[in-house]
Each structure stands twice: as structure tokens, then as C-alpha cells.
Protein chains: 2
Amino acid sequence: MSKITSVRTEDIRFPTSLDLDGSDAVNVDPDYSAAYVSINTDDEAGHGFVFTCGRGNEIVTAAIESYGQLLVGLDTDDLVNDLGDASRRLIHDSQLRWLGPEKGVSHMAAGALVNALWDIRAKREQKPLWLLLSEMPAEEIVNAVDFTHIRNALTPDDALEILRRGEPGKAERITELQRSGYPAYTTTPGWLGYSDEKLVRLSKEAVADGFGMIKLKVGGDLNEDRRRMKLAREAVGENIKISIDANQRWEVQEAIDWVNELAEFNPWWIEEPTSTDEILGHAAIRKGVSPIKVATGEAVASRIIFKQLLQAGAIDVMQIDSTRVAGVNENIANLLLAARFETPVCPHAGGVGLCELVQHFSFFDYAAVSGSMDNRMIEFVDHLHEHFIEPVRVENGRYLAPQKPGNGAEMLQESRDRWSFPAGAGWQQVGNRAAVTGGGNR
Amino acid sequence: MSKITSVRTEDIRFPTSLDLDGSDAVNVDPDYSAAYVSINTDDEAGHGFVFTCGRGNEIVTAAIESYGQLLVGLDTDDLVNDLGDASRRLIHDSQLRWLGPEKGVSHMAAGALVNALWDIRAKREQKPLWLLLSEMPAEEIVNAVDFTHIRNALTPDDALEILRRGEPGKAERITELQRSGYPAYTTTPGWLGYSDEKLVRLSKEAVADGFGMIKLKVGGDLNEDRRRMKLAREAVGENIKISIDANQRWEVQEAIDWVNELAEFNPWWIEEPTSTDEILGHAAIRKGVSPIKVATGEAVASRIIFKQLLQAGAIDVMQIDSTRVAGVNENIANLLLAARFETPVCPHAGGVGLCELVQHFSFFDYAAVSGSMDNRMIEFVDHLHEHFIEPVRVENGRYLAPQKPGNGAEMLQESRDRWSFPAGAGWQQVGNRAAVTGGGNR
């Protein structure tokens, strides 16, 4: 009998703020970071992490450590063969639940552990996560989902029906995914901190690289946004989509007005126009900016908020995130909700390791849930992939199917050691810079 | 010039699960706990805490520790004389923001520090917090509020108008509060873990003690709820209100059906019928159970969710909580939102120290915001008050006005030492019981 012998956490940070990679109207100086966890048995290890922006990575690490104590000593088979039950043990713990419930640090920490358990399962079955999920019996998928507080939109029977509907043609779609991958779009050109020259150059490169959409950060200054949007449109032409992303910067009416001022440049979607908790606000914005689409999700705390965004007709695009919610199980719930409301899923992946993780959900979605790639794309940002044992492969604007067994989270030991914060050799070299140690900047 | 010299945190827990005090359909075995913080200058100290249910208190303590580093070395006068700016420094920190945003562990941790800064300010002015707020110029109150993402319901001008409207008669209301206090209701009889005999006895005592309302926990078993509700109604008679509280146990339709099954016992409000994040669900439940009122708030993460509950007509009663949101500032925002929507505020206070803290907001609300006590009551639970330097005084069913300078959070040093977890003498005596160290129970 295999038992969970230890749960080990690591605080890993990359000094991305040095180059203003990842800078937007709200996240002005992120140091892309991972609160990383390894769940160990005598002869196995599963990995997971929570993405953060630097300061506070130690808080999430501490939370994973605490939640991890609920797993140590338990039977590994019990956990990885009933991942629905494993997830509920963490998320509905009678005392820890108060800390959310189901939101923020505690929820993300539980999610990292859930993901690490799926990693063990996928490695046992020698499959990448997306293939494991795609080939799993519908009943087992449904059993992994927590339907608490979403039953008025999606019942277990609804979920089964969606998955059953996806069974014909599934084998062919898996083959297709393995052959030609899944569409991507890129945010690489669009960070606020970049010069005009860099914006134009990267936009043209994106087209040359085969991407069908680029994304620009907006919301700092309207005139600047108009200027940058014009440059980008000229650079990519009329046949490439340009989406824009305000990172929750605006009030509701402000969002409507601002987006309409950019309408002449034909943006495809406006992402995070306002607070991620705004069910009613997103619904109003969607009405106010139509036909420009509304997208959100990277900071949507749970399936319960996503459910309401869908019920209220508040979004055109659901942007799931691999480490914001409570792991694989809740992302399956989100995919099923999206299918139920016939809403395309375009995952968020700007960060470290988020591309590596989240691609599995889009591949699974095409194989077994929505069965469609229409208006669906996975975000791609070309940062920090070299630190993972299986870096994403994006060619001709498409993600190629992950092949290695596991969930994609495992980071190279050398990278983990080098960028361990604050003692790793990398941090000793770049020094204790202001972005990490300073406080209070807006 | 005074500087913040240190921020000291303490993990304080009380073994309340031994007696099933505080047990409900979801929180089956809470150990009432405080992630406690002291902000120190050379010659002053301000106190704050986050209430939790036991496990995970160490996570919040770690989060307060991290946020606290943003304050160490700053000028105390700058902070306590512009508490709006102080709050924004913490809550909108460009890297930490990702951990919420504005929800869960990180938000509560920031709130504890904000509260501790208000404690310093109130002690400097030698006033209890409620009186400090009540006598503060309207402009300074408005400056403390963060209007981000609530401006479509409440602008700074709206807030000023509400406070100006409250100025006539304010001095008289303050005198009235000092003379005769503020109405309370009690949850003491109604915990799920109590025997019938204890339920009936405590219900009768509540009436004898002058309370106008008692509250019962429901949602475990419908037949049990009907039986207990009948016993309670017989014990208190027809002229005392009985409210019921499901602690987020139900799905939306389930809530409507269950509550209607209890309607014959004439419940005053149903509290937390479903997920606290359910804007649309609470609106549906309110329609479905009318004229029984709908109340929620102890787990509402921010003013942004409260705003939407009010906009959607989803609640009859707003239950603010003193340590769930980001401190005094955000609770002022919530009181102003309630006033704007003419919704009564009945604070949540089941926990440790929550009565001591939250009473200040109702006193301030009556003096300077709503100016009304109609259908307004502060929850009272008679647990653990002896650990505070100024325990609440409740007489004849009314809270008496706090008198000591400060926000009410300061706990006796002896209590903090004794119930320090896990090393305090109290914990050494009761031992490492299952409720604290065990995991995974639902």
C-alpha cells in the first residue's frame, strides 16, 4: 500500500519585472512566481503550483503547506482513484472552509494539491493529463466534479449528457489533436511597458508566426491606447484579430465608454473590463459594447462566479485559468458549464507555467466536451517555458499536443533551485530589487 | 516623528469544538480562533485580528505577517491621519493584489492591519472607534472609502450626501446611544449541537434577558429543523422573532423549498441560504420565500459583492462582519451602500471578538449614517468575551456603548499567552484534539 509520505513546498520567483514583461494597467511590475508543491509517496511524485505576481508567493506557499498536512499519511490509491473525494476533503474541510469559502489564497492552495494528485494519476497511467481526461469514462469525470452551488445550472445528469454527446468522433478528434494541435493567440506584443518599436515588431512577428489573434493591454491612458491600437492594427492588417485587456481597471460605465472609443480599430474582445466579481457589471458592459465581445476569467475565483456570468449573459468568452480555481476538478466543472451555455473557452495563460498547464483543458474540451475549435484559442506568452520538463510547443500559431505523462506542472530541479526565493543563486545575482521587497506601489 | 517599528502576529485558538459551541450545518466543529496582530510604534500599539474556525489560522497569521512588512518603517502619522491612503497601500499593492483580488485570506489579512491602524488612531483621540467615526468630518470619512468598482451604485458625492443628511440630530443620537445602547439578538440557543433541553432552556432565558429575536441553525435535516423550530416557537411565544441560518448549505431551489417548509413557524429571516457568492441565487430565493426575509454577509468577501446583492434586490438584511472585509474602511463603504439602498444592517458576530469589534459599526450607523434602529439588531453570542480588555456589555437585550479608546480588538495578554496555538498552556492542557489536528471531516 502506497502512502503520501510528504508534501514539500517551494517559493520560486522569476525577476520578470526587470524587463516589464507582463506589465499591464494594474499589474505594473509582476515578478512571475510559483508557489510550487511536490506530493511524494515512497516511489512517486506529483507536482502542482499556484501562479502569483511575486510578493505574497510565500503566503500561498504557507497555505499549500497547511492544506498538505491533510494528505500526509493517507493512502495514495484512495486519493488518486477517487479524485472527486480527494478534492472535497481539501475544499470542504470543516475548519479551513471559513478562509474562503472557495476563493482566494486558500482555494488556490487546495487547487495546487489537487493538481499534484492528478499529476500522480496521469503519470501512473503514462498519459498526458488531457489524454487521461479525454479517455476517462464519463461517469468518472462526473464523479470528480463538485456540483455544490451550480446545480441550478448544471446537474450531474446534464454533465453526463454533455460528455455522452461528445463520445462519437472522440477518437478521431484525439488523433487530429495529436497531428495538428490547437489554435493559439499571443499576448507577447501587447504589454504596456513595451516601446512602440517593440510593439510593432512583435505584432508583425506574431502574424509571421501564424497567430490569428494578438492581444494588447489597455486601460492606462485612452489616447495612448488609441495610438497603440492604431499601430498594432496597421502592423497586423485587417484579417488578424486584435483583442484588448484592461485587467479590471474600469468602473462599469467607464468600461463601456472607453471600449467604444476604441471600436474603430475593431477589437475582437475586451478582457477584464472591470472587477472580476461583477456579474451585473459584466452583463451591462456586454450590452454596452456589443458587437465587441466580453471575456473574463483569469481572476474568477470559482465555478459559482462563472456559472452566474453565464446565467446573466455577461460574457461571450470564458477564460479559465489553471491555478486560480481548485484544480483540475473545478476546471472540468467550468468547461462543462461553458458547454451547457454554448460559450467558447479561451484559457488564460499569461504567467509562468500557465501555458504548460492550461493547454490540457482545451485539448480535453475539444476531444470530449465541446468538440469544437470555433472561436477558441489558447493564450500564448513566450516566457519562461525553458524551466519545465515539457515546455509547450507552439508552431504555426498552434499548440502541439503535450506528450509526456503528467499535468505539465513539473519544473526542472535546476530552475527550482536557481530561482528559489530569496536564497537561490539567481536571486543572489539580481539582488533584492525594489519590485520584490518594496511595498505599496500602485 | 513616530515610525511603525514592528508588526507582531499571534496564532490564538480556543477549543470551542469540545462543547459544540458554534456548530452549524456546515461548520460542524469550529475552534474559534484569531489571527491576531499588534502594530507597534515606539510608544503605541494598535490591535486587530481575523476570526477563523481553527485550522488555517496559521495561514492568515502568515498573510498578516507578509502584509505587515509593507508598513514597517513608515511614518505613523502619515498612516493614521490618512487611513484611506493607508488602506489602499495594502489592498492595491501591485503584486499582492493577485492573491485576491479583494477576497479571502489576503483581503482579511490586510483588513486586520487596517483595523489595527484605526485602533492607534482611536487611542490617540481617546475615543472608542464608533465615537471617533461618528464625530469625524464627513469629508474624512468619504476619503477613507475605496470607491473602486462601486461607483455605479455609490459615488463620493452620494456618500457625502448620506453623511450630511445624518448631521442634524447626530449629537442627540450619540447621547441616546451612550444612555441606552443598541438592540441585540442572540444566537446562543440555536447551535445544531445542542440538546432539545438546552435549546428550550436557552430560548426561554433569551426572552427573559430581554432579547427580541433568537436565531436557530438549520439545514442539517428538515424534520429535525421542524421539530427544533416548533420547540423554540413554543418556548418564546409569538411575539419574539425567530430567524434561521443555513450557513450556505443549500442549492437555490432547495433553499426555497426548505424555507417554505418552515414557514408555519414564522421565521423572520433566512440567513445564508446558499453560497455567499450567489447574487442571482439570492435574488431568486428572496422572491421564492417572501415575506420571509433574506439575510447574508458574514462571508461576503467585499463591498463589490454587497453592492450587487443590493442592486439585484437579493437581500432584505445586510450582515456586515468586522474581519471578513478589509477593515473599517470597507465596512464604512458597506454601511453607506446599505443606506443608499435603504437596507437595514444587522451585523454578524458569532465567533471570538466579533461582538467586540462589530458593535462599533452599528453605533456609528445609528449616529451618522442611517440614523435608524428600525429592524436593526447586532448579533450576540455569549462566548469568550472575558478575553478582551473591554468585553461587550449586553443588558436587557441591548448592547451598551463601548467606552474605552480603541476599536475593541485588544485581547488580554494573559489570554493570548494561554491560548497561543499550539504551545500555550491552555492547549497543553486540552491536548492535541482531533478537531484541530485531524483533517478532511465534512
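Please read these numbers as outputs of a predicted model, since none were measured by experiment.

## What about the overall build of chain A?
Step number 1: Helix and strand content of chain A: 18 helices and 12 strands.
Step number 2: Here the C-alpha atoms of chain A give a radius of gyration of 21 Å, agreeing with the 22 Å that 2.2 N^0.38 yields for 442 residues.
Step number 3: Along the three orthogonal principal directions, the C-alpha set of chain A runs to about 65 × 55 × 45 Å.
Step number 4: Counting all 442 residues of chain A, 67% fall into the buried class.
Step number 5: The contacts of chain A with a sequence gap of at least 6 include a subset with a gap of at least 24, amounting to 75%.
Step number 6: Accessible area for chain A stands at about 13900 Å²; split by element, carbon and sulfur atoms hold 47% of it.

## Overview of the sheet that holds strand β3 (residues 45-52) of chain B
All names here are of chain B.
Step number 1: Strand order in this open sheet of 3 strands is β1-β2-β3, and the pairing throughout is antiparallel. Bordering the open sheet on either side are β1 (6-13) and β3, each of which pairs with just one other strand. Across the sheet, the axes of successive neighbouring strands diverge by a mean angle of 20°, strand direction being ignored.
Step number 2: Judged from the 8 bridges that link them, strand β2 (residues 33-40) and β3 form a sheet pairing that is antiparallel.

## Points about the environment of A:F265
Residue and element names in this part refer to chain A.
Step number 1: Tracing the chain through its elements places F265 in the loop between α11 (252-261) and β7 (267-271).
Step number 2: Judged by its relative accessible area of 8%, F265 falls in the buried class.
Step number 3: Put simply, F265 and L160 are 105 residues apart on the chain and 42 Å apart in space, counted from C-alpha to C-alpha.
Step number 4: Contacts of F265, omitting those with residues within four sequence positions, involve R226, M229, K230 and R233.

## Regarding unusual backbone geometry
Step number 1: Put simply, A:F421 and A:P422 share a cis peptide bond, and its omega is 0°.
Step number 2: Across the junction of B:G100 and B:P101, the peptide omega takes the value -15°, indicating a cis bond.
Step number 3: Summarising the element assignment, B:P101 is placed in the loop between α3 (83-91) and α4 (104-124).
Step number 4: The backbone of A:Q248 sits at a positive phi, close to 70°, despite the residue not being glycine.
Step number 5: Note on placement: A:Q248 falls in the loop between β6 (241-245) and α11.
Step number 6: Note on A:Q248: relative accessible area 6%, which makes it buried.

## A few points about the UniProt feature "domain: Mandelate racemase/muconate lactonizing enzyme C-terminal" (unreviewed entry) in chain A
Step number 1: UniProt marks residues 196-292 of chain A with the feature "domain: Mandelate racemase/muconate lactonizing enzyme C-terminal" (unreviewed entry), using the numbering shown here.
Step number 2: Between the end C-alpha atoms of residues 196-292 of chain A the distance is 25 Å, and the span holds 51% helix and 15% strand.

## A word on the interface of chain B and chain A
Step number 1: Counting from both sides, the interface comprises 73 residues of chain B and, opposite them, 73 residues of chain A.
Step number 2: Buried surface at the junction of chain B and chain A, both sides included, amounts to about 5700 Å², of which 54% is carbon and sulfur.
Step number 3: In this assembly, chain B and chain A are joined by 8 salt bridges.
Step number 4: At the junction of chain B and chain A, the tally comes to 42 residue pairs in polar contact (both at pLDDT 80 or more).
Step number 5: Of all the secondary structure elements, the ones that give two or more residues to the side of chain B that touches chain A are β3, α1 (57-68), α3, α4, α12 (279-289), α13 (303-311) and α18 (434-437) of chain B.

## With respect to the sheet that holds strand β3 (residues 45-52) of chain A
All names here are of chain A.
Step number 1: Pairing is antiparallel across the open sheet formed by 3 strands, whose spatial order is β1-β2-β3. At either margin of the open sheet sits one strand with a lone partner, and together these are β1 (6-13) and β3. This sheet shows a mean twist of 20° between the axes of neighbouring strands, independent of strand direction.
Step number 2: Examined bridge by bridge, β1 and strand β2 (residues 33-40) share 8 bridges and lie antiparallel to one another. Bridge assignment links T9 to a residue of β2, and that residue is V37.

## Structural notes on the relation of the copies chain B and chain A
Step number 1: Rotating chain B by 180° and translating it 0.0 Å along the rotation axis places it on chain A, where the RMSD comes to 0.0 Å. Between the two chains, the operation in question is that of a two-fold axis. In terms of proximity to the rotation axis, the leading residue of chain B is B:G104, whose C-alpha is 2.4 Å off the axis.
Step number 2: Interface overlap between copies is the fraction of interface residues in one copy that are interface residues in the other; for chain B against chain A it reaches 100%, indicating a shared surface.

## Observations regarding the packing of aromatic side chains
Step number 1: Using the criterion set out here, one finds 24 aromatic pairs over all chains in the structure.
Step number 2: Taking the centre distance of 5.4 Å and the plane angle of 90° together, the rings of B:Y185 and B:W269 count as edge-to-face. With B:Y185 in strand β4 (residues 182-190) and B:W269 in strand β7 (residues 267-271), the pair connects residues that are 84 residues apart, well separated along the chain.
Step number 3: Owing to a relative accessible area of 0%, B:Y185 belongs among the buried residues under this scheme.
Step number 4: Judged by relative accessible area, which is 0%, B:W269 ranks as buried.
Step number 5: Arranged with centres 6.1 Å apart and planes meeting at 90°, the rings of B:W419 and B:W427 form a pair that is edge-to-face.
Step number 6: For B:W419, a relative accessible area of 12% corresponds to the buried category.
Step number 7: Accessibility expressed as a relative area gives 3% for B:W427, which makes it buried.
Step number 8: Site record: aromatic cluster; members linked through ring pairs are A:F14, A:W419, A:F421 and A:W427.
Step number 9: A cation sits over an aromatic face here: A:K241 above A:W268, 4.4 Å from the ring centre.

## Considering the pattern of salt bridges
Residues and elements named next belong to chain A.
Step number 1: Counted according to the given criterion, the structure contains 70 salt bridges over all chains.
Step number 2: Between E224 and R227 there is a salt bridge, with its nearest N and O atoms 3.1 Å apart. Of this pair, E224 and R227 are both found in helix α10 (residues 222-236), 3 residues apart, which corresponds to roughly one turn of the helix.
Step number 3: When its relative accessible area of 36% is taken as the criterion, E224 is described as partly exposed.

## Notes on the domain arrangement of chain A
All names here are of chain A.
Step number 1: Taken domain by domain, chain A holds domain 1 (3-127 + 413-430) and domain 2 (170-400).
Step number 2: One C-alpha centre belongs to domain 1, the other to domain 2; they are set 24 Å apart.
Step number 3: Contacts between the two partners involve 31 residues from domain 1, matched on the other side by 34 residues from domain 2.
Step number 4: Between domain 1 and domain 2, a total of about 2500 Å² is buried, with carbon and sulfur atoms accounting for 62% of that surface.
Step number 5: Remark: the boundary between domain 1 and domain 2 carries 1 salt bridge.

## What about the nonpolar core?
Step number 1: The biggest cluster of nonpolar side chains holds 284 residues, and the ones touching the most others in it are A:W118, A:I270, B:W118 and B:I270.
Step number 2: Once residues lying within four places of it in the same chain are set aside, the contact partners of B:W118 are B:L83, B:L129, B:L132, B:L133, B:M136, B:A144, B:V328 and B:N329.

## Here we look at the packing of α11(A) against helix α12 (residues 279-289) of chain A
Residue and element names in this part refer to chain A.
Step number 1: Packing of α11 against α12 leaves a shortest axis separation of 9 Å and a crossing angle of 25°. The angle between the axes of α11 and α12 places the two elements in the roughly parallel class. The two elements α11 and α12 cross, and the hand of that crossing is right-handed. On α12, the residues touching V252, A255, I256, V259 and N260 of α11 are G281, A284, I285, G288 and V289.
Step number 2: Class assignment for the residues of the contact of α11 with α12 results in 7 nonpolar, 3 polar and no charged.

## With respect to the pairing of strand β8 (residues 293-296) of chain B
Residues and elements named next belong to chain B.
Step number 1: As defined by bridge partners, β7 adjoins β8 across 3 bridges and the pair is classed as parallel. Following the sheet pairing, I270 is matched in β8 by V294.
Step number 2: Between the parallel elements β7 and β8, the chain passes through α12 in a crossover that is right-handed.

## A few points about the side chain of B:E10
Residues and elements named next belong to chain B.
Step number 1: Among the secondary structure elements, E10 is positioned in strand β1.
Step number 2: Here the side chain of E10 touches R416 through a polar contact of 2.9 Å, side chain to side chain.
Step number 3: Apart from residues lying up to four places away in sequence, E10 is in contact with A34, A35, Y36, S38, T61, Q413 and R416.

Criteria and thresholds
Residues numbered from 1 in each chain as written. Chains lettered and ligands numbered in written order. Predicted model: local features only at pLDDT ≥ 70, side-chain atom pairs only at ≥ 80, totals over all residues. Heavy atoms only, no water. Helix = DSSP H or I, 4+ residues; strand = E, 2+ residues; numbered from the N terminus. Rg over C-alpha atoms; globule rule 2.2 N^0.38 Å. Buried < 20%, exposed > 50% of the residue type's maximum accessible area, 1.4 Å probe, protein only. Contact = heavy atoms within 4.5 Å. Areas by Shrake-Rupley, 256 points an atom, 1.4 Å probe, with all protein chains shown as cover. Pairing = 2+ DSSP bridges. Axes fitted to C-alpha atoms, helices over the stretch in contact; angles between N-to-C directions. UniProt positions renumbered as here; feature names shortened; annotations may be inferred. Buried area = accessible area lost by both parts, 1.4 Å probe. Salt bridge = Lys/Arg side-chain N within 4 Å of Asp/Glu carboxyl O. Polar contact = N/O pair within 3.5 Å; in protein donor to acceptor, adjacent residues only side chain to side chain. Least-squares fit on C-alpha atoms with pLDDT ≥ 70 in both. Phe/Tyr/Trp six-rings, centres within 6.5 Å; stacked < 30°, edge-to-face > 60°. Lys NZ or Arg CZ within 6 Å of the ring centre and 35° of its normal. Domains from an automatic or database assignment. Core = buried A, V, L, I, M, F, W, Y, C linked by side-chain atoms within 4.5 Å. Parallel < 35°, antiparallel > 145°, perpendicular 65-115°, else oblique. Left-handed = near helix turned anticlockwise from the far one by under 90°. Nonpolar A, V, L, I, M, F, W, Y, C, P; charged D, E, K, R; others polar. Right-handed = clockwise from strand over helix to strand, strands pointing away.

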